[in-house]
Amino acid sequence: MKRPLEPSAEGRGRIVGITDGVFAIALTLIVLEIRVPAHEPIHSERDLLAAIAALAPRFLTYALSFLTLTIFWFGQQAQHGLIAKSDRRLATLNLCFLAFIALLPFSTDLLADFLELRTAVLVYWLNLLMLGVTLFASWRYAEQSGFLAEDVDAETRHTVYLRIVKAQILWAIGAALCLITPLLSVGFILVVQLIYAATPSAKWVRRIIG
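Residues numbered from 1 in each chain as written. Predicted model: local features only at pLDDT ≥ 70, side-chain atom pairs only at ≥ 80, totals over all residues. Heavy atoms only, no water.

K.L.:
Please provide a residue-by-residue account of the overall build of the protein chain, values included.
P.N.:
Scanning the protein chain from N- to C-terminus turns up 8 helices and 0 strands. Taken from the N to the C terminus, the helices and strands of the protein chain come in the order α-α-α-α-α-α-α-α. Buried positions account for 41% of the 210 residues belonging to the protein chain. Contacts spanning at least 24 positions in sequence make up 81% of the contacts within the protein chain whose residues lie at least 6 apart. Approximately 11500 Å² of the protein chain is accessible, and the part contributed by carbon and sulfur atoms is 68%. (Helix = DSSP H or I, 4+ residues; strand = E, 2+ residues; numbered from the N terminus. Buried < 20%, exposed > 50% of the residue type's maximum accessible area, 1.4 Å probe, protein only. Contact = heavy atoms within 4.5 Å. Areas by Shrake-Rupley, 256 points an atom, 1.4 Å probe, with all protein chains shown as cover.)

In structure tokens form, the structure reads like this:
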């Protein structure tokens, strides 16, 4: 007789379901912070263009967080594709990861409002750091607990670890650049996001889609 907290494929399936829901909500919330300019002060094309230009920080942080969510969604989906079963501890680690996904709209809004301040950049980076830490911890626990699918080889395991660690190192460099200027820091992190979004690790992407 199977016990309620015993590792199972059904438990993994429930994690996948809630993950997609939380990501969908986060993607919606980050765009809701870009509001259409108020109609009253706009009386000409120039006024409207100026109002749209004033939203540039919000468009920048929206692009940054959209890429962040895209990268972490693919990372989480990759792990789900390589993990055969889950237990309560792994589910808890995944819920911690989702807690920081749910926090991303706040750190995005804070960064948009205070783009020129280092504290806002550091709060955003800490959000990225905790996403990486919880994703890494989930993968490590699943590997050590024997929850990975039987055909996951050592190279794939190493690739998952390496991709998470490399991203965190680059984001840490980006955060450090705020000592020069916060805008440079945000720009560097955005470039890193673009590179990661455009060049996924081919082997484990093929593994989850094929």
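That shown, we press on.
K.L.:
Tell me about empty space enclosed by the protein, residues and numbers included.
P.N.:
Following the criterion strictly, the structure yields 3 cavities of 30 Å³ or more and no others. Counted as a void, the largest cavity has a volume near 170 Å³. What lines the largest cavity is a set of 15 residues, and nearest its centre among them are Ile-71, Gly-75, Leu-135, Arg-163 and Ile-164. Top contributing element to the lining of the largest cavity by residue count: helix H6 (residues 154–176), with 6 residues. (1 Å grid on protein atoms, 1.4 Å probe; cavity = no way out; pocket = protein on both sides within 12 Å on 5 of 7 lines; lining within 4 Å. Points joined across faces, edges and corners; volume = space filled by probe spheres on them.)

K.L.:
Quick rundown of a nonpolar patch on the surface? Include the residues and the values.
P.N.:
A cluster of nonpolar side chains, contributed by Ile-25, Leu-29, Val-31 and Leu-32, occupies part of the molecular surface with about 330 Å² of accessible area. Note that Leu-29 resides in helix H1 (residues 9–32). Taking the relative accessible area as the measure of exposure, Leu-29 reaches 37% and is therefore partly exposed. (Patch = residues over 30% accessible without salt bridge, like charges linked within 9 Å, V, L, I, M, F, W, Y side chains within 5 Å. Salt bridge = Lys/Arg side-chain N within 4 Å of Asp/Glu carboxyl O.)

K.L.:
I'd like a description of the packing of helix H4 (residues 88–113) against helix H5 (residues 118–144), backed by residues and values.
P.N.:
Taken N-terminus to C-terminus, the directions of H4 and H5 make an angle of 165°; their axes are 9 Å apart at the nearest point. On the basis of the axis angle, H4 is roughly antiparallel to H5. Taken as a pair, H4 and H5 cross one another with a handedness that is left-handed. Of the residues that constitute the contact of H4 with H5, the class distribution is 20 nonpolar, 6 polar and 1 charged. (Axes fitted to C-alpha atoms, helices over the stretch in contact; angles between N-to-C directions. Parallel < 35°, antiparallel > 145°, perpendicular 65-115°, else oblique. Left-handed = near helix turned anticlockwise from the far one by under 90°. Nonpolar A, V, L, I, M, F, W, Y, C, P; charged D, E, K, R; others polar.)

K.L.:
Tell me about the environment of Tyr-141, and please be specific about residues and values.
P.N.:
Here Tyr-141 is to be found in helix H5. A C-alpha to C-alpha distance of 6.9 Å links Tyr-141 and Leu-90, two positions 51 residues apart in sequence. When sequence neighbours within four positions are dropped, the list of residues in contact with Tyr-141 reads Asp-87, Arg-89, Leu-90, Leu-93 and Phe-147. At a separation of 2.6 Å, a polar atom in the side chain of Tyr-141 contacts the side chain of Asp-87. (Polar contact = N/O pair within 3.5 Å; in protein donor to acceptor, adjacent residues only side chain to side chain.)

K.L.:
Explain the packing of helix H3 (residues 56–82) against H6 to me, and be specific about the residues and the numbers.
P.N.:
Contact geometry for H3 and H6: axes closest at 11 Å, N-to-C directions at 160°. The angle between the axes of H3 and H6 places the two elements in the roughly antiparallel class. Of the two elements, H3 crosses H6, and the hand of that crossing is left-handed. Of the residues in H6, those in contact with Phe-72, Gln-79 and Leu-82 of H3 are Thr-156, Val-160, Ile-164, Gln-168 and Trp-171.

K.L.:
How would you summarise the side chain of Asn-127 if you had to cite specific residues and measurements?
P.N.:
As for its position among the elements, Asn-127 is in helix H5. The class for Asn-127 is buried, based on a relative accessible area of 4%. Within the structure, Asn-127 has its side chain in polar contact with the backbone oxygen of Phe-100 (distance 3.0 Å). Within the structure, Asn-127 has its side chain in polar contact with the backbone nitrogen of Leu-104 (distance 3.4 Å). Apart from residues lying up to four places away in sequence, Asn-127 is in contact with Phe-100, Leu-103, Leu-104 and Ser-107.

K.L.:
Now, about the nonpolar core: what can you tell me, with residues and values included?
P.N.:
In terms of nonpolar packing, the biggest core is built from 44 residues, with Phe-72, Phe-97, Ile-101, Leu-111 and Trp-171 touching the most fellow members. Of all the secondary structure elements, the ones that give two or more residues to this core are H1, H3, H4, H5, H6 and helix H7 (182–198). It is H5 that provides the largest number of residues to this core, a total of 10 residues. In contact with Trp-171, other than residues within four places in its own chain, are Phe-72, Trp-125, Leu-128, Ile-189, Val-192 and Gln-193. (Core = buried A, V, L, I, M, F, W, Y, C linked by side-chain atoms within 4.5 Å.)

Just distances and angles here, no functional claims.
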